[in-house]
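So the chains spell out like this:
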Amino acid sequence: MLMSFFSGGQSRAVVGGFFAAAVIALASPSAFAQQAAKRVIDTQEDFDRGSSASQQRVDRYAQQTSELLSEYRLVLQQLDRVRIYNDNLQKVVDNQNASIAKMEDDLENFDQTEQGIVPLMLTMIADLRQFIEADMPFQSESRMRRIQNLEANMTSSEITNSEKYRQIMDAYRIETEYGDTIEAYEGTIDLNGVETTVDFLRVGRIVLAYQTPDQKVTGMWNKQSRAWEVLDNSYRRAVSDGLSLARKQAPPQLLNLPVPAPEAAQ
């Protein structure tokens, strides 16, 4: 009985040991689940942190890519401007090269140009002298003095050919303007063998008249006879008014002046 008791007790003790083990066994799955859940949560948190870091890197790379793209486009625009500038600069260089080539060609032909321009200027001066000598004798001294100066310049080594040509063209311009102007000036004329001071009236190249200061004698240059002739008193007032008009002492008005008939063509 005792052994049975002890057996029973041992049996109970054994049964108690199995019970404890069962309790532990029953308690273990819950702990494991908690640990597993914790590991899952930790893993998820690590993943989330990794994802956040990855997203930040992606955003940073995207920003860098956008900045690089903007710089690339800016560089392309600069290259376009440089290309346009270089193209225009090349055109300027080409034009300069063409100008240099032309200047070199002109220098090679300079002697021939000099040989051609000098005879031309001499001919122009001679023609102008001949024209003045055949023209009405107004301002004769100053006009012939201008021709003499041009002739003297042609033998001067201190005056360039371009300046000589400019002075010749200026003389031609002055002679041309005489045909479109009216002028009054004082001079002398031979009246009956006596050198007499008179007032000259020039109307273009149409009329060249004169009048003594006392208005007693009025005359004109006759183109056909190439001589001075005295006019009757009917023209005295017209020439006097013309002198006042030329001196800007009277307002513009019609003048009844003698106009010679046109000469027949030679």
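Residues numbered from 1 in each chain as written. Predicted model: local features only at pLDDT ≥ 70, side-chain atom pairs only at ≥ 80, totals over all residues. Heavy atoms only, no water.

**Some points on the side chain of S240**
Then step 1. Following the sequence through the fold, S240 ends up in helix α5 (residues 236–246).
Then step 2. Under the relative-accessibility criterion, S240 is labelled buried at 14%. (Helix = DSSP H or I, 4+ residues; strand = E, 2+ residues; numbered from the N terminus. Buried < 20%, exposed > 50% of the residue type's maximum accessible area, 1.4 Å probe, protein only.)

**What to know about the nonpolar core**
Then step 1. Counting residues in each nonpolar core, the largest one holds 12 residues, listed as M136, F138, I174, Y178, Y185, I189, L191, V198, F200, L208, Y210 and W221.
Then step 2. The set of elements that each furnish at least two residues to this core consists of α4 (161–178), β1 (182–191), β2 (194–203) and β3 (207–211).
Then step 3. If you tally residues by element for this core, the top one is β1, at 3 residues.
Then step 4. Look past the residues within four positions of L208 in its chain and what remains in contact with it is M136, P137, F138, Y185, F200, L201, R202, M220, W221 and W228.
Then step 5. Counting residues in each nonpolar core, the second largest holds 11 residues, with I125, L128, M144 and A171 among its members. (Core = buried A, V, L, I, M, F, W, Y, C linked by side-chain atoms within 4.5 Å. Contact = heavy atoms within 4.5 Å.)

**Quick look at the side chain of E175**
Then step 1. Tracing the chain through its elements places E175 in helix α4.
Then step 2. Setting aside residues no more than four positions away along its own chain, E175 makes contact with L128, F131, I132, R143, R146 and R205.

**Looking at the packing of aromatic side chains**
Then step 1. Taken as a whole and assessed by the stated rule, the structure comprises 5 aromatic pairs.
Then step 2. Here F200 and W228 contribute two aromatic rings whose centre-to-centre distance is 5.6 Å and whose plane-to-plane angle is 45°, an arrangement assigned as tilted. Highlighted residues: F200 in strand β2 and W228 in strand β5 (residues 227–230), separated in sequence by 28 residues.
Then step 3. Among the residues examined, W228 registers a relative accessible area of 28% and is labelled partly exposed.
Then step 4. In this structure an aromatic cluster arises from ring pairing among Y185, F200, Y210, W221 and W228. (Phe/Tyr/Trp six-rings, centres within 6.5 Å; stacked < 30°, edge-to-face > 60°.)

**Focus on the confidence of the model for the protein**
Then step 1. Per-residue confidence for the protein gives a mean pLDDT of 82; residues scoring 70 or more make up 82%.
Then step 2. Every residue in residues 1–27 is under pLDDT 50, and counting partners more than four places away or in other chains gives 6 contacts. (pLDDT = per-residue confidence, 0-100.)

**As for unusual backbone geometry**
Then step 1. We note that N192 has phi near 55°; this positive angle belongs to a residue other than glycine.
Then step 2. Relative to the helices and strands, N192 is located in the loop between β1 and β2.
Then step 3. The phi dihedral of Q215 falls on the positive side, at around 60°, and the residue is not glycine.
Then step 4. Within the element layout of this structure, Q215 appears in the loop between β3 and β4 (218–222).

**Comments concerning the packing of helix α3 (residues 140–153) against α4**
Then step 1. It is the contact of α3 with α4, at a shortest axis distance of 10 Å, that shows an interaxial angle of 165°. In this view, α3 runs roughly antiparallel relative to α4, as classed from their interaxial angle. The two elements α3 and α4 cross, and the hand of that crossing is left-handed. Here R143, R146, L150 and N153 of α3 come into contact with α4, specifically with K164, Q167, I168, A171, I174, E175 and Y178.
Then step 2. Across the contact of α3 with α4, the residue classes tally to 5 nonpolar, 2 polar and 4 charged. (Axes fitted to C-alpha atoms, helices over the stretch in contact; angles between N-to-C directions. Parallel < 35°, antiparallel > 145°, perpendicular 65-115°, else oblique. Left-handed = near helix turned anticlockwise from the far one by under 90°. Nonpolar A, V, L, I, M, F, W, Y, C, P; charged D, E, K, R; others polar.)

**Digging into the pairing of β5**
Residues in a regular strand project their side chains so that they alternate between the two faces of the sheet.
Then step 1. In terms of strand pairing, β4 meets β5 through 4 bridges, oriented antiparallel. Residue pairing in the sheet places N222 in a bridge with A227 of β5.
Then step 2. Between β4 and β5, which follow one another and run antiparallel, lie 4 residues, and R226 among them has a positive phi close to 50°. (Pairing = 2+ DSSP bridges.)

**Quick notes on the pattern of salt bridges**
Then step 1. Evaluation of the coordinates by the stated rule reveals 14 salt bridges.
Then step 2. One salt bridge in this structure joins D135 and R143, with 2.9 Å as the shortest N-O distance. Assigned by exposure class, D135 and R143 land together as buried.
Then step 3. As a salt-bridge pair, D170 and R173 come within 2.6 Å of each other at their nearest N and O atoms. A residue pair is termed a helical-turn pair when its members lie 3 or 4 positions apart in one helix, as D170 and R173 do in helix α4 at 3 residues.
Then step 4. One connected set of salt bridges, linked through shared partners, spans D135, R143, R146, E175 and R205. (Salt bridge = Lys/Arg side-chain N within 4 Å of Asp/Glu carboxyl O.)

**Details of the environment of Y235**
Then step 1. Mapped onto the fold, Y235 is located in the loop between β5 and α5.
Then step 2. Given a relative accessible area of 22%, Y235 falls into the partly exposed group.
Then step 3. Taking the C-alpha atoms as reference points, Y235 and N256, 21 residues apart in sequence, are found 7.3 Å from one another.

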